[in-house]
Amino acid sequence: MTDQLNFSEEDKPTLGTGLNVLTILTFVGCGILLISSIYSFVSAEKSYDAIVKAQDNMANAPGWVKGMMGPEMVEMAKKTMENKIPILLLNLVGVALCTYGAMEMRKLKKQGFIIWLAGEVVPIIASFLFIGIGVFKGFSSIILLFPIIFIILYAVQRKNLVY
């Protein structure tokens, strides 16, 4: 086994283009999640108040707006406000795991994929546990699209991880 891992300089595996692009996009995504998590934490009360205030104007709103801004939205905003500290902490853990996992995958380490995957799933589980399934309904379900796409793309690139 050790003979297989002792590569000469010309046989040493290099970071492929696909894995390079994915890890760079992961770093960008981690930055976006970090900023949005901090913003959500800071503005949780203000967002809740705005949604409650918007409920007063719902009588004059079109039907599609009423569907998006119903009582479920108020309840989700309330839960987000009440649980803003654990949501922030778990999002920060997710950012840290994804960043570290991507750095490990840039070194072609297989364990990086597992660490990154854990970091990808932690914020989703945190949202589900503290806000509820409503966070994944309607237009908000698009937030699940990016993790699913990245999980598939990284799974395809796993063959390039050699250590």
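Our subject is the structure listed above.
From a predicted model like this one, the values you see are computed outputs, not experimental measurements.

This brings us to the pattern of salt bridges. For side chains of opposite charge, pairing can occur when their charged atoms come near one another. Taken as a whole, this structure holds three salt bridges when the rule is applied. Residue Lys 84 is joined to Glu 45 by a salt bridge in which the shortest nitrogen-to-oxygen separation is 2.9 Å. You can see Lys 84 sitting in helix 6 (residues 84-106) and its partner Glu 45 sitting in helix 3 (residues 44-56), a full 39 residues away along the chain. Among the residues examined, Glu 45 registers a relative accessible area of 32% and is labelled partly exposed.

Among the nonpolar cores identified, the biggest contains 13 residues, and Leu 19, Met 105, Phe 113, Trp 116, Phe 150, Tyr 154 and Leu 161 are the most heavily contacted of them. The set of elements that each furnish at least two residues to this core consists of helix 2 (17-42), helix 6, helix 7 (111-130) and helix 8 (145-157). At four residues, helix 6 tops the list of elements feeding residues into this core. Beyond its immediate stretch of four places on either side in the chain, Leu 19 contacts Met 105, Leu 108, Tyr 154, Gln 157 and Leu 161. Counting five residues, the second-largest nonpolar core is a separate cluster that includes Met 76, Ile 87, Ile 131 and Phe 136.

The tally for this structure, following the rule as stated, stands at three aromatic pairs. Measuring from centroid to centroid gives 4.3 Å for Trp 116 and Tyr 154, while their planes differ by 55 degrees, and the two rings are tilted. Placement of the pair is Trp 116 in helix 7 and Tyr 154 in helix 8, with a sequence separation of 38 residues. The residues Trp 116 and Tyr 154 share a single accessibility class, namely buried. Aromatic pair Phe 150 and Tyr 154: ring centres 6.4 Å apart, planes at 50 degrees, arrangement tilted. Here Tyr 154 and Phe 150 lie together in helix 8, a separation of four residues that amounts to about one turn. Taking relative accessible area as the criterion, Tyr 154 reaches 1% and is therefore assigned buried. Every member of this aromatic cluster is reached through a ring pair, and the members are Phe 113, Trp 116, Phe 150 and Tyr 154. Sitting over the face of the ring of Phe 41, Lys 84 holds its NZ or CZ atom 4.8 Å from the ring centroid.

Rules behind the numbers
- Residues numbered from 1 in each chain as written.
- Predicted model: local features only at pLDDT ≥ 70, side-chain atom pairs only at ≥ 80, totals over all residues.
- Heavy atoms only, no water.
- Salt bridge = Lys/Arg side-chain N within 4 Å of Asp/Glu carboxyl O.
- Helix = DSSP H or I, 4+ residues; strand = E, 2+ residues; numbered from the N terminus.
- Buried < 20%, exposed > 50% of the residue type's maximum accessible area, 1.4 Å probe, protein only.
- Core = buried A, V, L, I, M, F, W, Y, C linked by side-chain atoms within 4.5 Å.
- Contact = heavy atoms within 4.5 Å.
- Phe/Tyr/Trp six-rings, centres within 6.5 Å; stacked < 30°, edge-to-face > 60°.
- Lys NZ or Arg CZ within 6 Å of the ring centre and 35° of its normal.

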